[in-house]
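Residue-level listing of the chains:
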Amino acid sequence: MTHKILAGLWRYSPLILLAVIWEAVTEAQLVSQYALPTLSGVLSSMWTLAVDPDGLVYHTGRSIMRGATGLGVAVVLGTSAGVLMAWYRPVRLLLKPFIQMFYPLPKSALIPLTIMWIGLGDPSKITLIFIGSLLPIVVSSFNAARGVDTVLLWSARG
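Everything quoted here is computed from the prediction, not taken from an experiment.

### Some words on a nonpolar patch on the surface
- Taken together, the side chains of Ile5, Leu6, Leu9, Tyr12, Leu15, Ile16, Leu18 and Val20 present a nonpolar region at the surface, about 800 Å² in accessible area.
- For the nonpolar patch, the elements supplying multiple residues, two or more each, are α1 (2–11) and α2 (13–27).
- A per-element tally of the nonpolar patch places α2 first, with four residues.
- Under the relative-accessibility criterion, Leu15 is labelled exposed at 55%.

Structure, rendered in structure tokens:
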């Protein structure tokens, strides 16, 4: 039993050493509290957030809601657009230039514009998640729909 405890301490000794150095450096005020808060302060704040009803659980739920909303809308619209592009040439001719133009654009470049246009609330975050996931979904759906063997399509119809 003692051997397992010592093996565990040895395995995690780098983390324990880092924690001890972190606490010592911040307590000795070698680094500003604003740049690096004490480890005990960080753990205390984390505990406070975890037990507070308006803390970590609430905000985690809100983040999951925003992510699921943005991704869900992107999946529905992106899959529909990709399949329609694969099946109908006029749709492909209409949408492909926009896909080719916006796909290489770094999505992080849209953050300031989205904040200016929509604000800092949930809609801007949902919009950014939507934009970031829409184009890869459209391209993947298009490639998947174009890659289906014609014989399989005939079999499914008949």
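Now that the structure has been shown, the text picks up again.
### Quick notes on the nonpolar core
- Ala74, Ala81, Met85, Ala86, Ile99, Leu134, Leu135, Ile137, Val138, Phe142 and Ala145 together form the largest nonpolar core, which totals 11 residues.
- Those elements that place two or more of their residues in this core are α4 (56–87) and α7 (122–146).
- For this core, the element with the highest residue contribution is α7, accounting for six residues.
- Other than its neighbours up to four places away in sequence, Ile137 contacts Leu71, Ala74, Val75, Gly78 and Thr79.

### Here's the deal with the side chain of Asp122
- The residue Asp122 is located in helix α7 in this model.
- With a relative accessible area of 18%, Asp122 lands in the buried category.
- Looking at Asp122, its side chain comes within polar contact range of the side chain of Arg62, at 2.3 Å.
- There is a polar contact of 2.9 Å between the side chain of Asp122 and the side chain of Arg66.
- Once you skip the residues sitting within four places of it in the chain, Asp122 turns out to touch Arg62, Met65 and Arg66.

### Considerations on the packing of aromatic side chains
- Within the structure shown, the criterion is met by zero aromatic pairs.
- The cationic tip of Lys107 hangs over the ring face of Tyr103; the distance from NZ or CZ to the ring centre is 5.7 Å.

### Focus on the packing of α2 against helix α3 (residues 39–51)
- Across the interface, α2 lies against α3 with an axial gap of 8 Å and an inter-helix angle of 105 degrees. As judged from the angle between their axes, α2 and α3 are roughly perpendicular. Between α2 and α3, the residues in contact are Ala19, Trp22, Glu23 and Thr26 and Leu39, Ser40 and Val42, respectively.

Cut-offs applied
- Residues numbered from 1 in each chain as written.
- Predicted model: local features only at pLDDT ≥ 70, side-chain atom pairs only at ≥ 80, totals over all residues.
- Heavy atoms only, no water.
- Patch = residues over 30% accessible without salt bridge, like charges linked within 9 Å, V, L, I, M, F, W, Y side chains within 5 Å.
- Areas by Shrake-Rupley, 256 points an atom, 1.4 Å probe, with all protein chains shown as cover.
- Salt bridge = Lys/Arg side-chain N within 4 Å of Asp/Glu carboxyl O.
- Helix = DSSP H or I, 4+ residues; strand = E, 2+ residues; numbered from the N terminus.
- Buried < 20%, exposed > 50% of the residue type's maximum accessible area, 1.4 Å probe, protein only.
- Core = buried A, V, L, I, M, F, W, Y, C linked by side-chain atoms within 4.5 Å.
- Contact = heavy atoms within 4.5 Å.
- Polar contact = N/O pair within 3.5 Å; in protein donor to acceptor, adjacent residues only side chain to side chain.
- Phe/Tyr/Trp six-rings, centres within 6.5 Å; stacked < 30°, edge-to-face > 60°.
- Lys NZ or Arg CZ within 6 Å of the ring centre and 35° of its normal.
- Axes fitted to C-alpha atoms, helices over the stretch in contact; angles between N-to-C directions.
- Parallel < 35°, antiparallel > 145°, perpendicular 65-115°, else oblique.

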